[in-house]
Amino acid sequence: PSIAKTALKTKIAALFKVKEESVAVFGMKIKFGGGRSSGFALVYDNVDMRKKYDSKKMLRRDGYLTKNARTRKQKKEIKGRQNKVRGKAKAAAVNAQKKKGGKR
């Protein structure tokens, strides 16, 4: 079994005298037979610097960012409704509900 990223974070944080939240561990590769692993870690000065410079994917994985609630299809439907109106009505088109019903 591979070593846990959380265990690595605590070890690296102690080594560099920083908080665990400011360490990002990724790209772990385990060697067959065990005993050796390799990977990458980024150590930031503080959590604010990590939020500024770290990739969105890693921030989302560690719980510092939340994923957008709207799906791809919802965004496209909103775009279509906005294209049909002009001016201030565009803002109303974002929150408008899709018409129920359809072909009979």
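As a reminder, the structure under discussion sits directly above these lines.
So, here's what we can say about the structure. Every chain is numbered on its own, with residues counted from 1 as its sequence reads. Residue-level local features of this predicted model are given only where pLDDT is at least 70; pairs of side-chain atoms are given and counted only at 80 or more, and the full residue set underlies all totals for whole chains, interfaces and linings. Working from all heavy atoms in the structure, the side-chain values ignore hydrogens and water.

### Focus: the overall build of the chain
So the rule is basically this: Every helix listed is a DSSP run of H or I at least four residues long, and every strand listed is a run of E at least two residues long, numbered separately from the N terminus. In this treatment the radius of gyration is a C-alpha quantity, and the globule benchmark scales as 2.2 Å times the residue count to the 0.38 power. Remark: exposure states derive from per-residue accessible area (1.4 Å probe, protein chains only) relative to the maximum for the residue type, with buried under 20%, exposed over 50%, and partly exposed in between. For the area figures, the Shrake-Rupley method with a 1.4 Å probe applies, and any residue is considered shielded solely by the protein chains shown. For the purpose of charge, His is not counted, nor are the chain termini; Lys and Arg are scored as positive and Asp and Glu as negative. Taken as the charge location is NZ of Lys, CZ of Arg, CG of Asp or CD of Glu.
Scanning the chain for helices and strands turns up 5 helices and 2 strands. The linear arrangement of helices and strands in the chain, starting from the amino end, is α-β-β-α-α-α-α. For 104 residues, the compact-globule estimate of 2.2 N^0.38 gives 13 Å, and the C-alpha radius of gyration of the chain, at 23 Å, exceeds that figure by more than 25%. When the 104 residues of the chain are sorted by exposure, 14% land in the buried category. Total accessible area on the chain stands at roughly 9100 Å², and carbon and sulfur atoms take up 54% of it. One finds the centroid of the 32 positive side-chain charges in the chain at a distance of 16 Å from the centroid of its 7 negative side-chain charges.

### Things to note about the pairing of strand 1 (residues 23-30)
Put simply, the rule is: We treat two strands as partners when DSSP finds at least two bridges between them.
Strand direction decides the pairing type here: strand 1 and strand 2 (residues 37-43), joined by 6 bridges, are antiparallel. Opposite K29, over in strand 2, you have S38 as the bridge partner. From the end of strand 1 to the start of strand 2, which pair antiparallel, there are 6 residues, and G33 there has a positive phi angle of about 95°.

### Thoughts on the environment of A93
Put simply, the rule reads: It only takes one pair of heavy atoms within 4.5 Å for two residues to be counted as in contact.
With respect to the helices, strands and loops of the structure, A93 is situated in helix 5 (residues 89-95). On the accessibility criterion, A93 (7% relative accessible area) is buried. The sequence separation of A93 and D45 amounts to 48 residues, and the corresponding C-alpha distance is 44 Å. Non-local contacts of A93, meaning those with residues more than four positions away in its chain, are made with R81, Q82 and V85.

### Notes on a positive patch on the surface
Inclusion rule: Each patch is built from residues lacking any salt bridge and having more than 30% relative accessible area; the joining distance is 9 Å for like charges and 5 Å for nonpolar side chains (Val, Leu, Ile, Met, Phe, Trp, Tyr). By definition, a salt bridge exists where a carboxyl oxygen of Asp or Glu is found within 4 Å of a side-chain nitrogen of Lys or Arg.
On the surface, K56, R60, K67, R70, R72, K75, K76 and K79 cluster together to form a positively charged patch. Counting only elements with at least two residues in the positive patch, the list comes to helix 3 (56-61) and helix 4 (72-83). With 4 residues, helix 4 is the largest single contributor of residues to the positive patch. Tracing the backbone shows K79 in helix 4. Take K79: its relative accessible area is 53%, and that puts it in the exposed class.

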